[in-house]
Amino acid sequence: MNIVCIALGGALGAVLRYFISLIPYKSEFPLLTLATNVIGAVIIGFVAGYASRKGMHRNVLLFLKTGFCGGFTTFSTFSLEALMLVKSGKTVTAVIYMCLSAVLCITGVFIGMWFGEKN
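Here we look at the packing of helix α1 (residues 2-21) against helix α3 (residues 58-72)
Axis separation between α1 and α3 bottoms out at 6 Å; the angle between their running directions is 35 degrees. Once α1 is placed against α3, the crossing between them reads as right-handed. Residue-level contacts link Asn2, Cys5, Ile6, Leu8, Gly9, Gly10, Leu12, Gly13, Ala14, Leu16, Arg17 and Ile20 of α1 to Arg58, Asn59, Leu62, Phe63, Thr66, Gly67, Phe68, Gly71 and Phe72 of α3. Each residue belonging to the contact of α1 with α3 can be placed in one class, and the counts come to eleven nonpolar, eight polar and two charged.

Things to note about the packing of aromatic side chains
Going through the model one piece at a time under the given rule, you end up with seven aromatic pairs. Their ring planes at 45 degrees and their centres at 6.2 Å tell us that tyrosine 18 and phenylalanine 19 sit as a pair that is tilted. Using a relative accessible area of 47% as the deciding quantity, one classes tyrosine 18 as partly exposed. Both rings, one in phenylalanine 29 and one in tyrosine 97, keep their centres 5.5 Å apart while their planes meet at 80 degrees; by these two values the pair is edge-to-face. Taken together, the residues span a long stretch of sequence, with phenylalanine 29 in the loop between α1 and α2 (31-54) and tyrosine 97 in helix α5 (residues 91-118) at a distance of 68 residues. This pair shows no difference in class: phenylalanine 29 is buried, exactly as tyrosine 97 is.

Some points on the pattern of salt bridges
Scanning the entire structure with this criterion turns up one salt bridge. Across the salt bridge formed by lysine 90 and glutamate 28, the nearest N and O atoms sit 3.5 Å from each other. With a gap of 62 residues between them, lysine 90 in the loop between α4 (75-87) and α5 and glutamate 28 in the loop between α1 and α2 connect regions that are remote in the sequence.

Parameters and conventions
Residues numbered from 1 in each chain as written. Predicted model: local features only at pLDDT ≥ 70, side-chain atom pairs only at ≥ 80, totals over all residues. Heavy atoms only, no water. Axes fitted to C-alpha atoms, helices over the stretch in contact; angles between N-to-C directions. Helix = DSSP H or I, 4+ residues; strand = E, 2+ residues; numbered from the N terminus. Left-handed = near helix turned anticlockwise from the far one by under 90°. Contact = heavy atoms within 4.5 Å. Nonpolar A, V, L, I, M, F, W, Y, C, P; charged D, E, K, R; others polar. Phe/Tyr/Trp six-rings, centres within 6.5 Å; stacked < 30°, edge-to-face > 60°. Buried < 20%, exposed > 50% of the residue type's maximum accessible area, 1.4 Å probe, protein only. Salt bridge = Lys/Arg side-chain N within 4 Å of Asp/Glu carboxyl O.

Spelled out as structure tokens, the structure:
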């Protein structure tokens, strides 16, 4: 049952990530990947905060945290985009992207956890 929960959550997260990638946005800055990772950070923070306060069935946690958030967030895409920016000589853009990703995603987890603990 654990694997089914993870697989279903992962499929849903990956499909939602794909839909976000269809948003017509063109720029050298990978804003859609950044936004996806920040949204995923807020969601996983909320789930963790809510679960710590109210409890949550293990299968629901696996579905949401490991499955959905794992399928939705795009760390491998982030890594590739950052490297490609560096390789194409856009080092400043790459550093800004990496710093924003780290700061905003950690902040997103904090905000999500805060909201999760309040409910």
